[in-house]
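An overview of the molecular structure
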Amino acid sequence: QDAGNHTLPTEFVLSGLSSRPELQHLLFFTICFVYSMTLIGNLLICMLTVHPTLHTPMYFFLRVLSCLDISTASVVVPKMLVTLLSEDRSISYLGCVTQLYCVVFLAATEWFLLAAMALDRCVAVCWPLRYAAIVSPRVCLALVLLSCGSGKAVAVLQTAWVFTLALCGPRRINYFFCDIPPLLVLACTDTSPYEKQLISATVLVILTPFCLILLSYACIISSILKISSAQSRHKAFSTCSSHLAVVTLYCASGTLIYLQPKSSNSQDTKKILALIYTTVIPTLNPLIYSLRNKEVKEVLIRVVAVLMKK
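Residues take numbers from 1 onward in each chain, read along the sequence in its written order. In keeping with the model being predicted, local features are shown solely for residues with a pLDDT of at least 70 and side-chain atom pairs are shown and tallied solely at 80 or more, while totals for entire chains, interfaces and linings include all residues. By convention in this description, side-chain values take in all heavy atoms of the structure and omit both hydrogens and water.

Our focus in this paragraph is the overall build of the protein chain. Of the regular secondary structure elements, the protein chain holds 10 helices and 3 strands. For the protein chain, the succession of helices and strands along the chain, N to C, is β-α-α-β-α-α-α-β-α-α-α-α-α. For every residue, the accessible area (1.4 Å probe, protein chains only) is compared with the maximum for its type, and the residue is labelled buried under 20%, exposed over 50%, or partly exposed between those bounds. When burial is assessed residue by residue, the protein chain has 47% of its 310 residues classed as buried. Accessible areas in this description were obtained via Shrake-Rupley with a 1.4 Å probe; residue shielding takes into account the shown protein chains only. Total accessible area computed for the protein chain in this model is approximately 15,300 Å², and 69% of it derives from carbon and sulfur atoms. Runs of H or I in DSSP of at least four residues are treated as helices and runs of E of at least two as strands, each being numbered from the N terminus.

Here's what the structure looks like:
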């Protein structure tokens, strides 16, 4: 079909996670369970970090991170669950635009926030005596607003670029939500300039914060090595490795999805990576970042004890 004859689509059809009918119910209950754990874990973190003993910048950032994780999963999972059980897998044009914008905004914001969290830990370990003066409540709020503003700018740019492309042919999206790579496949014009821009955006949004995180942890590890107590060193290294494990998983899945946007041979692999990116990682974050933390567990025990007395 000629690019000049394209018409604005009114809706798209999502193919979902799998086309095999025998897997639909299994996937539904599995993802429903993971989504429930995401909501419970992150809501728990949001409630616990309000406790007076956890009024520090680190827990403020963790609370914002949990809100982002809840939002990311909620933008993708409910529609995915519907497509697993319903024969109607359509999504309106406006719904697709909104979903893409929200996914990009939340993902970009979370990356900038992860970099801010790494800087916070770097200051806490390397300059503990100046920590309160450097990372003040006003600075924390400014970093969160800067992360949100940067995420919004990226989301507006990427969404506008995708939906100004001429989309023709079948409106079937071989994915379980509206995302950039599967939408580019529907374009009937040359998308190579956009693909180059997408690679640049991926480097800016994912790899740049990742390098900043690695640099922060390099400074942290350098300071840890100067600690005389072996037990303290082991505890600090354990915390660093946990954080870096999630960040690396996030970085690997994100770059593999977006650095080769029109590769159709690896579409099933990209679905799995996107599932990890939008569903599994938000479930792991409370465990990795908070629930293993001694202070958070102590607050949780206190809250449970109070509830049991009532």
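So much for the structure itself; the text now carries on.
The next point concerns the sheet that holds strand β2 (residues 90-92). Adjacent strands of a sheet form backbone hydrogen bonds with each other and so pair up, either parallel or antiparallel. Note on pairing: two strands pair once DSSP finds at least 2 bridges between them. Strands sit in the order β2-β1-β3 across an open sheet of 3 strands; the sheet is mixed. Pairing within the sheet leaves two strands with one partner each, and these edge strands are β2 and β3 (172-173). Pairing of strand β1 (residues 11-14) with β2 involves 3 bridges; the strand directions are antiparallel. Counterpart to Phe12 in the pairing with β2 is Ile91.

By the element assignment, Ser200 lies in helix α7 (residues 192-224). Separated by 59 residues in the primary sequence, Ser200 and Leu259 have C-alpha atoms spaced 9.0 Å apart.

Bringing helix α1 (residues 21-48) into the picture now. Quick reminder: α-helices carry 3.6 residues per turn. Residues three or four places apart thus point the same way. With 28 residues, α1 should reach 40 Å at 1.5 Å per residue; the first-to-last C-alpha distance of 41 Å fits that figure. Among the residues making up α1, those that are buried are Gln24, Phe28, Ile31, Tyr35, Thr38, Gly41, Asn42, Ile45, Cys46 and Leu48. Expected helix span is given by 1.5 Å per residue-to-residue step, counting one fewer step than there are residues.

Turning next to the UniProt feature "transmembrane region" (unreviewed entry) in the protein chain. UniProt positions are given in the numbering used here, feature names are shortened, and annotations may be inferred rather than shown by experiment. Mapped onto this numbering, the UniProt entry annotates "transmembrane region" (unreviewed entry) at residues 26-48, 60-78, 98-119, 139-163, 199-225, 237-260 and 272-291. Counting secondary structure, residues 26-48 comes out at 100% helix and 0% strand; the distance between its end C-alpha atoms is 33 Å. Across residues 98-119 one finds 100% helix and 0% strand; the C-alpha atoms that close the span lie 32 Å apart.

On to a nonpolar patch on the surface, then. Taken together, the side chains of Leu249, Val280, Leu284 and Leu287 define a hydrophobic patch exposed on the protein surface, amounting to about 270 Å² of accessible area. Take the nonpolar patch: its biggest share by element is 3 residues, from helix α9 (residues 267-291). Positionally, Leu287 belongs in helix α9. Residue classification places Leu287 among the partly exposed residues on the basis of a relative accessible area of 44%. Within the patch definition used here, like charges are joined within 9 Å and nonpolar side chains (Val, Leu, Ile, Met, Phe, Trp, Tyr) within 5 Å, considering only residues with over 30% relative accessible area and no salt bridge. Any carboxyl oxygen of Asp or Glu that lies within 4 Å of a side-chain nitrogen of Lys or Arg is treated as forming a salt bridge with it.

Moving on to the pattern of salt bridges. On inspection of all chains with the given rule, the structure shows 1 salt bridge. Of the charged contacts in the structure, one is a salt bridge between Asp120 and Arg121, with a shortest N-O distance of 3.2 Å. Here Asp120 matches Arg121 in class, with each residue buried.

Our focus in this paragraph is the packing of aromatic side chains. Pairing of aromatic side chains here covers Phe, Tyr and the six-membered ring of Trp, requires ring centres within 6.5 Å, and sorts the geometry by plane angle: under 30 degrees stacked, over 60 edge-to-face, intermediate tilted. Taken as a whole and assessed by the stated rule, the structure comprises 11 aromatic pairs. Ring geometry for Tyr101 versus Phe105: centroids 6.2 Å apart, planes at 0 degrees, classification stacked. In this pair, Tyr101 and Phe105 both sit in helix α3 (residues 93-126), 4 residues apart, roughly one turn of the helix. Assessed through its relative accessible area of 26%, Tyr101 is described here as partly exposed. Considering the side-chain rings of Trp111 and Tyr250, the 5.5 Å spacing of their centres and the 45 degrees angle between planes classify their relative orientation as tilted. Of this pair, Trp111 sits in helix α3 while Tyr250 is found in helix α8 (residues 230-258), placing the two residues 139 residues apart along the sequence. Given a relative accessible area of 0%, Trp111 falls into the buried group.

Right, let's talk about the packing of helix α2 (residues 57-85) against α3 for a bit. With axes taken as lines fitted to C-alpha atoms, and helix axes fitted only over the stretch in contact, angles between N-to-C directions fall between 0 and 180 degrees. With their axes 10 Å apart at the nearest point, α2 and α3 run at an angle of 160 degrees to one another. It follows that α2 is roughly antiparallel to α3 by the angle criterion. Between α2 and α3 lies a crossing of left-handed hand. Residue classes in the contact of α2 with α3 are distributed as 16 nonpolar, 4 polar and 5 charged. For classification, angles of less than 35 degrees are called roughly parallel, those exceeding 145 degrees roughly antiparallel, those between 65 and 115 degrees roughly perpendicular, and all remaining angles oblique. The hand of a helix crossing depends on one turn: near helix anticlockwise from the far one by less than a right angle means left-handed, and clockwise means right-handed. Under the convention adopted here, Pro, Cys and the residues Ala, Val, Leu, Ile, Met, Phe, Trp and Tyr are nonpolar, Asp, Glu, Lys and Arg are charged, and Gly plus all remaining residues are polar.

Before going further, it helps to examine the state of the cysteines. By definition, disulfides here are pairs of cysteine sulfur atoms that lie within 2.5 Å. The full count for this structure, using the stated rule, is 1 disulfide. The disulfide bridge from Cys96 ends at Cys178, spanning 2.0 Å between sulfur atoms. What sets the handedness of the Cys96 and Cys178 disulfide is the S-S torsion sign, and at about -120 degrees it is left-handed. Of this pair, Cys96 sits in helix α3 while Cys178 sits in the loop between β3 and α6 (180-185), and the two are 82 residues apart along the sequence. Summarising the burial analysis for this pair, Cys96 and Cys178 share the class buried. Lacking any disulfide linkage, Cys46 is separated from the closest cysteine sulfur, that of Cys67, by 3.8 Å. Given a relative accessible area of 14%, Cys46 falls into the buried group.

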